[in-house]
Amino acid sequence: MTDNKQNNKTIDIEASWYNALQDEFGKEYFTQLRTFLREEKNKGIRIFPPGKQIFSAFNYTPFDKVKVVIIGQDPYHGEGQANGLCFSVADGIKQPPSLQNIFKELNVDVGMEKPTTGNLEPWAKQGVFLLNAILTVRANEPASHSKAGWQQFTDAVISTISKKREGVVFFLWGNFAKQKAQLIDSTKHHILTAAHPSPLAGGAFFGCKHFSATNNILMQHGLSSINWALK
């Protein structure tokens, strides 16, 4: 996390998100989180995603542009995988199994051909907020930052969207994400639940049709649909 002196901020995050979340940045837990990350770096521990991509989900999808929220758990921990967007990997990186299953569902649901890339930046630019509940991880150590304080922050993010926005579609895939339903006002927003797309779920994810359902919801609200197609 780097200073953004140009915008007179202490967090390198898009301005509308900074304004919506600025109370969180001054809290003790967030100060401790920043200290923890600095100490990890000072120890020579490799952390993913790279510092400038920690807040990629926020920087690609401004607060007032969020149409859809997809909640993941923590970043990929393999070399070059994590790019700050949940389920997404950079161009040229092999698609992980969960992402492959997401693409299989998209093919059946909306007829999307399997893309050559696993980079979901085009979704983020259309208003799909790709949020991991934990924003960093040690290289090759899954869930290694799960107790660092990120979940308090991302719970606040979800609550803020719930309170300050209306008509947002939330994808809660798997038991971990479903627990976040308590943070969302279901009278103002749309909550779609399914099994996790991981192969460990035994295919229970398939048939959820969340992608077509989302576009129907958005159009009913007079909003443009999401073009799920990737290159």
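Residues numbered from 1 in each chain as written. Predicted model: local features only at pLDDT ≥ 70, side-chain atom pairs only at ≥ 80, totals over all residues. Heavy atoms only, no water.

J.: Quick one: what's the story with the pattern of salt bridges, residue by residue and with numbers?
T.: Close approach of charged atoms lets side chains of opposite charge pair. Tallying each qualifying case throughout the model produces six salt bridges. A salt bridge links K231 to D91; its shortest N-O distance comes to 3.8 Å. Here K231 is found in the segment after α8 (210–220), whereas its partner D91 is found in the loop between β2 (68–72) and α4 (97–110), with 140 residues between them in sequence. Note that E141 is salt-bridged to R138, the shortest N-O span being 3.7 Å. Connected via shared salt-bridge partners are E40, R138 and E141. (Salt bridge = Lys/Arg side-chain N within 4 Å of Asp/Glu carboxyl O. Helix = DSSP H or I, 4+ residues; strand = E, 2+ residues; numbered from the N terminus.)

J.: Any chance you could break down the nonpolar core for me, citing the residues and the numbers?
T.: In this structure, F58, W123 and F153 are the most contacted members of the largest nonpolar core, which totals 69 residues. Apart from the residues within four sequence positions on either side, F58 is in contact with I13, E14, W17, L21, F129, L131, L135, F153 and V157. (Core = buried A, V, L, I, M, F, W, Y, C linked by side-chain atoms within 4.5 Å. Buried < 20%, exposed > 50% of the residue type's maximum accessible area, 1.4 Å probe, protein only. Contact = heavy atoms within 4.5 Å.)

J.: How would you sum up the packing of aromatic side chains? Please name residues and give values.
T.: Enumeration according to the criterion identifies 25 aromatic pairs in this entry. Measuring from ring centre to ring centre gives 5.1 Å for W17 and F63, while their planes differ by 75°; the resulting arrangement is edge-to-face. In this pair, W17 sits in helix α1 (residues 15–25) while F63 sits in the loop between α3 (56–60) and β2, placing the two residues 46 residues apart along the sequence. Judged by its relative accessible area of 9%, F63 is buried. Seen in terms of ring centroids, F211 and W228 are 4.9 Å apart; in terms of plane orientation they differ by 80°. Their pairing is edge-to-face. Of the two residues, F211 is situated in helix α8 and W228 in the segment after α8; the sequence distance between them amounts to 17 residues. For F211, a relative accessible area of 0% puts it in the buried group. (Phe/Tyr/Trp six-rings, centres within 6.5 Å; stacked < 30°, edge-to-face > 60°.)

J.: So what's going on with the side chain of T117? Which residues, and what values?
T.: Tracing the sequence through the fold places T117 in the loop between α4 and α5 (121–125). In this structure the side chain of T117 is engaged in a polar contact, spanning 2.5 Å, whose partner is the side chain of D91. Leaving out residues up to four positions away in the same chain, T117 has contacts with D91, Q95, F103, L230 and K231. (Polar contact = N/O pair within 3.5 Å; in protein donor to acceptor, adjacent residues only side chain to side chain.)

J.: Which residues make up the sheet that holds strand β3 (residues 128–132), and what values do they have?
T.: Spatially, the four strands line up as an open sheet ordered β3-β2-β5-β6, and their pairing is parallel. This sheet does not close on itself; its edge strands, each paired only once, are β3 and β6 (190–194). Adjacent strand axes in the sheet meet at a mean angle of 20°, parallel and antiparallel pairs treated alike. With five bridges connecting them, strand β5 (residues 169–173) and β6 associate as parallel partners. From the neighbouring strand, L172 faces β6, where its bridge partner is T193. Against the sheet, helix α6 (residues 150–164) engages β2, β3 and β5, with an angle of about 155° to β3. (Pairing = 2+ DSSP bridges. Axes fitted to C-alpha atoms, helices over the stretch in contact; angles between N-to-C directions.)

J.: Which residues make up the packing of helix α2 (residues 28–42) against α6, and what are the values?
T.: Following both chains from N to C, one finds α2 and α6 inclined at 130°, their axes separated by 9 Å at the closest point. As judged from the angle between their axes, α2 and α6 are oblique. The two elements α2 and α6 meet at a crossing, and its hand is left-handed. Facing Y29, F30, L33 and L37 of α2, the residues of α6 in contact are W150, Q152 and F153. Grouping the amino acids of the contact of α2 with α6 by side-chain chemistry returns six nonpolar, one polar and no charged. (Parallel < 35°, antiparallel > 145°, perpendicular 65-115°, else oblique. Left-handed = near helix turned anticlockwise from the far one by under 90°. Nonpolar A, V, L, I, M, F, W, Y, C, P; charged D, E, K, R; others polar.)

That is the geometry; function is a separate question.
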